Every structure is written in C-alpha cells, then in structure tokens.
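Here is what each chain is made of, one letter per residue.
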Amino acid sequence: MTTRLSHGVPRRGPAVLFATSLPLFLGTWLSDWAYSNTFNIQWSNFASWLNAGALVIVGLALAWSLVSALLPASSGRRPWIFVAVVVGVFVLGFINALVHAKDAWATMPAGLILSVLVFLLACAAVWLGFSARKREVAR
C-alpha cells in the first residue's frame, strides 16, 4: 500500500525512480572492470554511456526528492538526508563522467574507483530511501 502526501504525490516516488539508476551504475562498474582486464576500448564507451544514462535518472530523482522534501507533509531530517545522499551520487557520478570523457587509457584506475564509489553510494541512497519510507508508512 502506497501512502500519499497531502498533494497526491506518492512518498516512494523519488526512491523508486532513483532505484532505476542502480543497474546503470552497476553496468558502469562492470564495464570499467571489463576494460581494466581486456583493454578493449568499447568497454570504456559502454561505461561512459551507462554513467550518462544513470545521471539523467538521478537528476530527475533529485528534482523529485527536493520537491517532496519541501512539501509540508514531509517533516524531520530524514527526507533531507536522502536528498543529500542523492546530491552526493550526482556529484560523484558527474566527476566520473568527466573522467570517462578522457582517452580510454587515461580513465584507469580513477574511472574504476569512481564507478565503485558511485555504485556503493547509490546502494546506500536506495536503502535509505526505502527504509525511510517504510518507517513513515508504519506510523
């Protein structure tokens, strides 16, 4: 059962939208890992495009989570913690996109390390988004 805010916006919306970026960030990480093992340039291209697609979704989720946090039905620090982690994912993902804009050989090892960090931070954001919503529904 999905509860709704006072203006009809689903509470889980930003977390669900953000969760759709998780497979893209995982694909970025795995593509970087494959490039580091094979040095086939196409893997670096895959990582770059997957990261760009994930950033589009994260940007939309960030806008939606900001709107949800600003609505009067949202209270406490919990929505703002989620927004802060999503901002962190967006910033690290953008830095990762800048690293992947270099020559494929120059992306290693920074691209792989950033991909791992972005994916782990995105996992934390998804966990935070869904755990916060579960507590609000239980009330």
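Structure: see above.
Residues numbered from 1 in each chain as written. Predicted model: local features only at pLDDT ≥ 70, side-chain atom pairs only at ≥ 80, totals over all residues. Heavy atoms only, no water.

Looking only at helices and strands, the protein chain has 5 helices and 0 strands in total. When burial is assessed residue by residue, the protein chain has 39% of its 139 residues classed as buried. For the protein chain, restricting intrachain contacts to residue pairs at least 6 apart in sequence, the fraction spanning at least 24 positions comes to 74%. Accessible surface, the protein chain as shown: approximately 7,500 Å² in total, 72% of it carbon and sulfur. (Helix = DSSP H or I, 4+ residues; strand = E, 2+ residues; numbered from the N terminus. Buried < 20%, exposed > 50% of the residue type's maximum accessible area, 1.4 Å probe, protein only. Contact = heavy atoms within 4.5 Å. Areas by Shrake-Rupley, 256 points an atom, 1.4 Å probe, with all protein chains shown as cover.)

What follows covers the packing of helix 2 (residues 22-38) against helix 3 (residues 41-70). Angle between the axes and distance between the axes: these two values describe a pair of packed helices. The geometry of helix 2 relative to helix 3 is characterised by a closest axis approach of 8 Å and an angle of 165° between their N-to-C directions. Between helix 2 and helix 3, the interaxial angle falls into the category roughly antiparallel. Here helix 2 and helix 3 pass one another in a crossing that is left-handed. For the pair helix 2 and helix 3, contact is made by Leu-24, Phe-25, Gly-27, Thr-28, Ser-31, Asp-32, Ala-34, Tyr-35 and Thr-38 and by Ile-41, Trp-43, Ser-44, Phe-46, Ala-47, Leu-50, Asn-51, Gly-53, Ala-54, Ile-57 and Val-58, respectively. Residues that form the contact of helix 2 with helix 3 fall into these classes: 12 nonpolar, 7 polar and 1 charged. (Axes fitted to C-alpha atoms, helices over the stretch in contact; angles between N-to-C directions. Parallel < 35°, antiparallel > 145°, perpendicular 65-115°, else oblique. Left-handed = near helix turned anticlockwise from the far one by under 90°. Nonpolar A, V, L, I, M, F, W, Y, C, P; charged D, E, K, R; others polar.)

Moving on, we come to helix 2. With 17 residues, helix 2 should reach 24 Å at 1.5 Å per residue; the first-to-last C-alpha distance of 24 Å fits that figure. Looking one or two residues past helix 2, Phe-39 carries a phi angle of roughly 60°, positive in sign. (Expected span 1.5 Å × (residues − 1).)

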